[in-house]
Amino acid sequence: MSDKWNATQLPDLTGRTAVVTGANSGIGFVAAEALARAGAHVVFAVRDLTRGGAAAAKVSGSTEVRRLDLADLDSVREFAAGWDRPLDLLINNAGVMMLPEQRTKQGFEMQFGTNHLGHFALTNLLLPHVTDRVVTVSSSLHRGGDGVIHFEDVNLRGRYTPTRAYAQSKLANLLFTLELQRRLTEAASPVRALAAHPGWAATNLQSHHANPLMRGVMEIGNRLFAQSDKAGALPTLYAASQDLPGAAYVGPGGLGEMRGAPTLVGRSRAAGDAQTARRLWTLSEELTGVEWSLKPAGRP
């Protein structure tokens with residue numbers, strides 16, 4: 001894993017198709033642009049078709065724009081129902097960060113509902129079409145908050161804080177990847193599930209913090225400590241293109257995993273707990289109404 005690796009070293013992706021959620025801005029846009037430049041046909045899966053179209057128009061390569069609102073499971077189902085061709089690469093990139101307390105259309109806490117449940121449903125619905133890998137963007141802040149999934153109430157009613165909710169959603173991303181890979185292996189599927197995090201990348205995510213003071217702190221931090229969105233997208237692109245083991249987690253290799261070249265990184269003990277991952281999967285199926293569709297190897 002060379003510390004000189006960058007997006008120009010992506011392999012030729014001609015003939016391959018990628019879906020990138022939240023591709024209209026930030027590291028999602030950078031990843032989509034790089035994949036298209038390498039020859040892939042890239043689908044910008046975005047809430048706002050106007051903004052998505054404007055972003056795609058800046059990209060040199062084959063693109064299309066489709067509407068997807070991860071905070072609305074009806075929109076997720078509609079997107080998946082409209083997919084009718086092989087999908088080489090699904091990048092679960094879109095997310096919200098440290099918002100004031102809000103609810104999705106189906107009434108879930110917004111960060112857990114968008115960052116985890118929306119992508120959980122999307123992945124399972126698209127999985128029969130996926131041929132290569134699923135990359136889900138997590139965060140080093142999965143170690144923050146309380147460091148657990150609040151199974152007694154994942155919506156955090158009466159206990160909501162922006163940080164607690166965000167950390168829970170990012171921990172859920174890693175547990176989802178872990179259990180997804182276990183199920184793929186059991187089904188003898190060639191598809192791999194991987195996760196990535198961008199370190200501290202300067203994007204517009206930080207501008208939505210519920211606390212105005214923290215928005216100011218993060219703005220200063222972006223100027224002083226953050227790496228660019230182009231650098232922040234490298235772990236995603238590395239996970240999407242390199243020969244890595246299933247359930248691998250890629251992030252920046254520098255101090256505190258805040259910046260640097262992409263490499264395999266560690267995760268919290270909670271994020272590697274297989275029993276918790278299975279429990280979260282079961283709960284996620286119950287909440288979304290979307291179930292696992294691939295059969296274990298050797299079973300009819």
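Residues numbered from 1 in each chain as written. Predicted model: local features only at pLDDT ≥ 70, side-chain atom pairs only at ≥ 80, totals over all residues. Heavy atoms only, no water.

*Asks:* Describe the overall build of the protein chain, listing the residues and the values that go with them.
*Replies:* Helix and strand counts for the protein chain come out as nine helices and eight strands. Here the protein chain holds 300 residues, and the buried ones make up 55% of them. Contacts in the protein chain between residues far apart in sequence, at least 24 positions, make up 71% of those at least 6 positions apart. Counting only carbon and sulfur atoms, one obtains 52% of the accessible surface of the protein chain, whose full area is about 12,700 Å². (Helix = DSSP H or I, 4+ residues; strand = E, 2+ residues; numbered from the N terminus. Buried < 20%, exposed > 50% of the residue type's maximum accessible area, 1.4 Å probe, protein only. Contact = heavy atoms within 4.5 Å. Areas by Shrake-Rupley, 256 points an atom, 1.4 Å probe, with all protein chains shown as cover.)

*Asks:* Talk me through the packing of aromatic side chains; I want residue IDs and the actual numbers.
*Replies:* What the rule picks out here adds up to six aromatic pairs. Judged by centre distance (4.9 Å) and plane angle (75°), the rings of Trp-5 and Tyr-238 are edge-to-face. One end of the pair, Trp-5, is in the segment before β1 (17-21); the other, Tyr-238, is in helix α8 (residues 234-241), with 233 residues separating them in the sequence. Ring centres of Phe-79 and Trp-83 lie 6.3 Å apart, and the angle between their planes is 20°; on these two criteria the pair is classed as stacked. A relative accessible area of 3% means that Trp-83 is categorised as buried. Aromatic ring contacts, followed pair by pair, group Phe-120, Phe-176, Trp-281 and Trp-292 into a single cluster. A cation over an aromatic ring shows up here: Arg-279 above the ring of Phe-151, its NZ or CZ 4.0 Å from the ring centre. (Phe/Tyr/Trp six-rings, centres within 6.5 Å; stacked < 30°, edge-to-face > 60°. Lys NZ or Arg CZ within 6 Å of the ring centre and 35° of its normal.)

*Asks:* An account of helix α4 (residues 110-126) is requested, with residue identities and associated values reported.
*Replies:* Counted at 1.5 Å a residue, the expected span for α4 with its 17 residues is 24 Å, and the 22 Å between its end C-alpha atoms agrees. By the largest-angle criterion, Leu-117 marks the main kink of α4, which is about 30°. Among the 17 residues that make up α4, 16 are buried, leaving the element largely enclosed by the rest of the structure. With a side-chain oxygen positioned 2.8 Å from the backbone nitrogen of Gln-111, the residue opening α4 is Glu-109. (Expected span 1.5 Å × (residues − 1). Bend = angle between axes of the 7 residues up to and from the residue. Polar contact = N/O pair within 3.5 Å; in protein donor to acceptor, adjacent residues only side chain to side chain.)

*Asks:* Account for the pattern of salt bridges, with residues named and values stated.
*Replies:* Under the definition given, this model contains 15 salt bridges. Here Arg-16 ties to Asp-132 by a salt bridge, and the two come within 2.4 Å at their closest N and O atoms. Of the two residues, Arg-16 sits in the segment before β1 while Asp-132 sits in strand β5 (residues 130-137), which places them 116 residues apart along the sequence. The salt bridge partner of Arg-182 is Glu-179, with a shortest N-O separation of 2.8 Å. Of the two residues, Arg-182 and Glu-179 are both situated in helix α5 (residues 162-186); the distance of three residues between them amounts to about one turn of the helix. The class for Arg-182 is partly exposed, based on a relative accessible area of 28%. Overall, Glu-179 belongs to the buried group, its relative accessible area being 2%. (Salt bridge = Lys/Arg side-chain N within 4 Å of Asp/Glu carboxyl O.)

*Asks:* Give me the environment of Thr-288: which residues, what numbers.
*Replies:* Residue placement: Thr-288 occurs in helix α9 (residues 274-288). The spacing of Thr-288 and Gly-113 is 175 residues in sequence and 9.5 Å in space, taken between C-alpha atoms. In contact with Thr-288, not counting residues within four places along its chain, are Leu-73, Arg-77, Leu-117, Phe-120 and Ala-121. Among the polar contacts listed, one links the side chain of Thr-288 to the backbone oxygen of Ser-284, at a separation of 2.8 Å.

*Asks:* So, the side chain of Asn-92: which residues are in play, and what are the values?
*Replies:* Tracing the backbone shows Asn-92 in strand β4 (residues 87-92). Among the polar contacts listed, one links the side chain of Asn-92 to the side chain of Thr-136, at a separation of 3.2 Å. When residues no more than four places from it in sequence are discounted, the contact partners of Asn-92 are Thr-21, His-119, Leu-122, Thr-123, Val-134, Val-135, Thr-136, Val-137 and Phe-176.

*Asks:* Requested: an account of the side chain of Thr-123, with residues and values cited.
*Replies:* Here Thr-123 is to be found in helix α4. In this structure the side chain of Thr-123 is engaged in a polar contact, spanning 2.8 Å, whose partner is the backbone oxygen of His-119. Once residues lying within four places of it in the same chain are set aside, the contact partners of Thr-123 are Leu-90, Asn-92, Val-134, Phe-176 and Leu-180.

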